[in-house]
Amino acid sequence: MLNNSKLNRRSFLRYGAMAAGAMALAACPAPGAPGAAPAAGGQAAAGAGNAAAGGAGQLEIFSWWTAGGEVEALNAMYEIFKKKYPGVEIQNAALAGGAGQGGNMKALLETRMQGGQPPDSFQVHLGHELIDSHVKAGRMEDLETFYKDEGLTDVFPKDLVDIASMDGKPWSVPVNIHRSNVLWYRTDKLEAAGIKEAPKTWDDLFAAAETLKAKNIPALAIAENEPGFCGHEFENVLVATLGPDDYRALFTGKLKWDDAKVTKCLETLNKALDYANSDYLSTSWGDITDRFMADTAPAMMIMGDWTHGVLKSKSFKNYKWAPAPGTEGIFIVLSDSFGLPKNAPHRENALNFLRICGSKDGQDAFNPIKGSIAARTDADKSKYDEYQLSAMEDFKKNTLVPSIQHGAAAKQSFVLDYDLAINILATKRDVKAAQAKLVQAATDAGFGEA
Ligand code: GAL
């Protein structure tokens, strides 16, 4: 199994390394342009430097963690920071809406970064989301020395470091590993319809959905009041239907987005929408977990394991989990990370925060609450619950593929177009129009070029 897992990780790595390969095309802004790197003599690569410094001033951290579980998890890292650096005032600039269409947080971050007024650090998905934007534009400090000084290269899986890297240097510190492809289900709802186990395939799911319908129970919880949620569902359908190799081929140009296999995936999602809560177009991502906990809840929800964090924060226990239909043995992976913008106003404080993000204490305080698992391989397992221990095992053994919706597979501009395409399906139920938009999005993203 070990060898297998290494192979799996390697193929994931091959994929992630595309970010690095694309570096040759990196466009740096002209010197003096907003967001340009400081001229010669500017900041050197970030290193451990004076770890004890940074005991005063402020620390402004951007994130989109405003939901239950997310807030408490981030606070757990802040608490560690406050104990070490009591003289520093933390400004928690958390703003909802980073996971979907770009959201408020990402929009504000973009304005600040382009205007040369970065926060001290910010949440960003590991991989293309950061590399293809602020790294290529020359707005970040590399963390090569920092990784070495903090011993991070030894404690993160090599594949993860490679995904964080461009030009052989890492650019952010992963705090976690989240899994996208989880089916959360209400045991009482399935039991009420006489369904004995969670559906393993989409055919199983549709059969279960019919049975549930007869009991007036929607099968799937969906929240598409704005583009995003269905983009998450669709990546799960793509992986289940195409398998890991064809799924990866979508981003290398080897499998085209106009392929009949993609049409089939859109048809599957279109059919799934027939079994969603009927008000899915007016239900928000923020509300869906409450809906899932309600007496009138849909029976199942396909969503990442931050859902586990939210449900735990509300002390809700009436649910179980399984791999999303058709994805057993596959782990759709994403990782939240923090980086160091050039000209961070409180650079030493930012570095000290990154130290906590990468540390065992920091990760073991954050992840048990967040629903994710540690990015470090030396996590203290006694701190994690049953779901998380199973995710740790799966992460080691499964085939890893990158999440589209959460920034690992492709750059942010593609994610925005992809979400709009899938939203066309959700609102107009038009497979052809949605696929045409996906094809355009892939062309604009230049998959397979260079
Ligand atoms: C993801 C993010 C997770 C979680 C989720 C919902 O994109 O990686 O950490 O917060 O959004 O907000």
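Below is a short write-up of the structure. (Residues numbered from 1 in each chain as written. Predicted model: local features only at pLDDT ≥ 70, side-chain atom pairs only at ≥ 80, totals over all residues. Heavy atoms only, no water.)

Let's talk about the environment of L425
As for its position among the elements, L425 is in helix α18 (residues 412-428). Excluding its chain neighbours within four sequence positions, the residues that come into contact with L425 are L266, L269, N270, L273, D430, V431 and A434. (Helix = DSSP H or I, 4+ residues; strand = E, 2+ residues; numbered from the N terminus. Contact = heavy atoms within 4.5 Å.)

Some points on the pairing of strand β11 (residues 330-334)
β11 sits mainly inside the fold: five of its five residues count as buried. With burial as the criterion, each face of β11 is covered, one bearing I330, I332 and L334 and the other bearing F331 and V333. Two elements, strand β7 (residues 178-179) and β11, share two bridges in a ladder whose sense is antiparallel. Pairing of R179 across the sheet is with V333, part of β11. In this sheet, strand β13 (residues 399-402) lies alongside β11 in parallel orientation, the contact comprising four bridges. What sits directly across from F331, in β13, is L400. (Buried < 20%, exposed > 50% of the residue type's maximum accessible area, 1.4 Å probe, protein only. Pairing = 2+ DSSP bridges.)

Some details on helix α10 (residues 202-214)
With 13 residues, α10 extends 19 Å from end C-alpha to end C-alpha; this agrees with the ideal 18 Å at 1.5 Å per step. Among all positions in α10, only W202, L205, F206, A208, A209 and L212 are buried. Relative to the axis of α10, the buried residues are bounded by an arc of 165 degrees and lie together on one face. Exposed side chains of α10 directed beyond 90 degrees from the buried face belong to D203 and A214. Along its buried surface, α10 packs onto α9 (187-192), α11 (229-249), α12 (260-273) and β9 (300-302). Its side-chain oxygen placed 3.4 Å from the backbone nitrogen of D203, T201 serves as the N-cap of α10. Two residues or fewer after α10 comes N216, characterised by a positive phi angle close to 65 degrees. (Expected span 1.5 Å × (residues − 1). Arc of directions from axis to C-beta. Polar contact = N/O pair within 3.5 Å; in protein donor to acceptor, adjacent residues only side chain to side chain.)

Details of the site of the ligand
Taken together, eleven residues surround the ligand, and among them E70, H125, D336, K370 and H406 come closest. E70 is positioned with one of its side-chain polar atoms (N or O) 2.7 Å from an oxygen atom of the ligand. One of the side-chain nitrogen or oxygen atoms of H406 is found 2.7 Å away from an oxygen atom of the ligand. Across the complex, the protein chains shield 95% of the 300 Å² of accessible surface that the ligand would expose by itself. Counted by class, the shell around the ligand contains five nonpolar, three polar and three charged residues. (Near = heavy atom within 4 Å. Areas by Shrake-Rupley, 256 points an atom, 1.4 Å probe, with all protein chains shown as cover. Nonpolar A, V, L, I, M, F, W, Y, C, P; charged D, E, K, R; others polar.)

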